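Given next are the chains, with one letter for each unit.
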Amino acid sequence: MKTIVNGILAACAWVLLATATAQELAPDVLVKNVTTEVVDLITKDKEIRSGSRAKLIEVIEAKVLPHFNFTSMTALAMGQSWGKATPEQKKRLVEEFRTLLVRTYASALSAYSEQRFDFRPLRARPTDTDVTVNVRVLQSGAQPVPIDYSMEKTASGWKVYDVMVGGVSLVANYRTEFNATVRERSEERRVGKECRSRW
């Protein structure tokens, strides 16, 4: 009995150690490991190679999304409107932004899966809690495409809160769309109230 308990405790300690080690990865190492693993999976998976978007999304969900902070991304994209949203609205917005990122990432991976990557050295101090990891997608006969991951250190490890592709921020890009939608809905509610008050 004691041997079984010791075995269980040892297994638990190993799992905790493995989890802690994964969380302690430097942000640039994390980006390199995840990118390399995902591209390798895509290259070897026959379903993905034959165009299975569902299988590609499955890989993204399992390997990429755990390293993104969707609440931070959505809050940044919403700007001032985030503070005015109810908890239920915030939850729905985060879910929508997550779906949006899956689609964006799936398209990007489809485009870049056969390219080579240049993982640039991280320029940060060991005490930094907010860094940018620079990656270059190397293309034959064309300029490299820069992909910059803005990352923050959280209690559960380093998380991405914005991605810039070719100098265009994913968060800033959708902030314009979100704000336009919020203004449109606000205007619709205002007009609706005016109409009801007249009747």
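Here's what I pulled together on the structure shown here. On a predicted model such as this, the values are computed, not experimentally measured, just so you know. (Residues numbered from 1 in each chain as written. Predicted model: local features only at pLDDT ≥ 70, side-chain atom pairs only at ≥ 80, totals over all residues. Heavy atoms only, no water.)

**A look at the nonpolar core**
The biggest cluster of nonpolar side chains holds 40 residues, and the ones touching the most others in it are Ile60, Phe68, Met73, Tyr149 and Met151. The set of elements that each furnish at least two residues to this core consists of α2 (27–44), α4 (53–64), α5 (70–78), α7 (87–112), β2 (130–138), β3 (145–154), β4 (157–165) and α8 (170–198). Per-element tally for this core: the top contributor is α7, with eight residues. Residues within four places of Met73 in sequence aside, it is in contact with Phe68, Phe97, Leu101, Val160, Tyr161, Asp162, Leu170 and Val171. (Core = buried A, V, L, I, M, F, W, Y, C linked by side-chain atoms within 4.5 Å. Buried < 20%, exposed > 50% of the residue type's maximum accessible area, 1.4 Å probe, protein only. Helix = DSSP H or I, 4+ residues; strand = E, 2+ residues; numbered from the N terminus. Contact = heavy atoms within 4.5 Å.)

**Brief notes about the packing of aromatic side chains**
This structure, assessed with the given rule, holds three aromatic pairs. Taken together, a centroid distance of 6.2 Å and an interplanar angle of 85° make the contact between Phe97 and Tyr174 edge-to-face. With a gap of 77 residues between them, Phe97 in helix α7 and Tyr174 in helix α8 connect regions that are remote in the sequence. Under the relative-accessibility criterion, Tyr174 is labelled buried at 14%. Ring geometry for Phe117 and Phe119: centres 6.1 Å apart, planes at 25°, overall stacked. Among the residues examined, Phe117 registers a relative accessible area of 22% and is labelled partly exposed. (Phe/Tyr/Trp six-rings, centres within 6.5 Å; stacked < 30°, edge-to-face > 60°.)

**Things to note about the sheet that holds strand β5 (residues 168–169)**
Consider a sheet: its strands pair through backbone hydrogen bonds, and that pairing is either parallel or antiparallel. Judged by pairing direction, the sheet is antiparallel, and its five strands sit side by side in the order β1-β2-β3-β4-β5 without closing on themselves. Strands with a single pairing partner mark the edges of an open sheet, and in this sheet they are β1 (116–119) and β5. Both β2 and β3 contribute to a ladder of eight bridges, which runs antiparallel. Paired with Asn134 across the strands is Asp148, a residue of β3. α2 rests against β1, β2, β3 and β4 of the sheet, and its axis sits at about 175° to β1. Contacting β3 and β4, α5 crosses the sheet at an angle of about 40° to β4. (Pairing = 2+ DSSP bridges. Axes fitted to C-alpha atoms, helices over the stretch in contact; angles between N-to-C directions.)

**As for the packing of α2 against α4**
Their axes nearest at 11 Å, the elements α2 and α4 cross at an angle of 160°. Relative to α4, the element α2 lies roughly antiparallel. Remark: the crossing between α2 and α4 carries right-handed chirality. Of the residues in α4, those touching α2 at Val34, Glu37, Val38, Leu41 and Ile42 are Leu56, Val59, Lys63 and Val64. Residue composition of the contact of α2 with α4, by class: seven nonpolar, no polar and two charged. (Parallel < 35°, antiparallel > 145°, perpendicular 65-115°, else oblique. Left-handed = near helix turned anticlockwise from the far one by under 90°. Nonpolar A, V, L, I, M, F, W, Y, C, P; charged D, E, K, R; others polar.)

**A look at the side chain of Thr35**
As for its placement among the helices and strands, Thr35 is situated in helix α2. Not counting the four nearest positions on each side in its chain, Thr35 is found in contact with Phe117 and Phe119.

**A closer look at the pattern of salt bridges**
Following the criterion strictly, the structure yields eight salt bridges and no others. Between Lys55 and Asp45 there is a salt bridge; the shortest N-O distance is 2.7 Å. Placement of the pair is Lys55 in helix α4 and Asp45 in the loop between α2 and α3 (46–49), with a sequence separation of ten residues. Like Asp45, Lys55 is buried. Close ionic contact of Lys55 with Glu47 constitutes a salt bridge, the shortest N to O distance being 3.7 Å. (Salt bridge = Lys/Arg side-chain N within 4 Å of Asp/Glu carboxyl O.)

**Let's talk about the pairing of β4**
Where burial is concerned, most of β4 is hidden: seven out of the nine residues are buried. The pairing of β3 with β4 spans eight bridges and is antiparallel. Residue pairing across strands places Ser150 opposite Asp162, the latter belonging to β4. Following β3, the chain reverses through two residues before pairing antiparallel with β4. Connecting β4 to the antiparallel partner β5 that follows it, the hairpin turn spans two residues, and Gly166 within it adopts a positive phi of roughly 60°.

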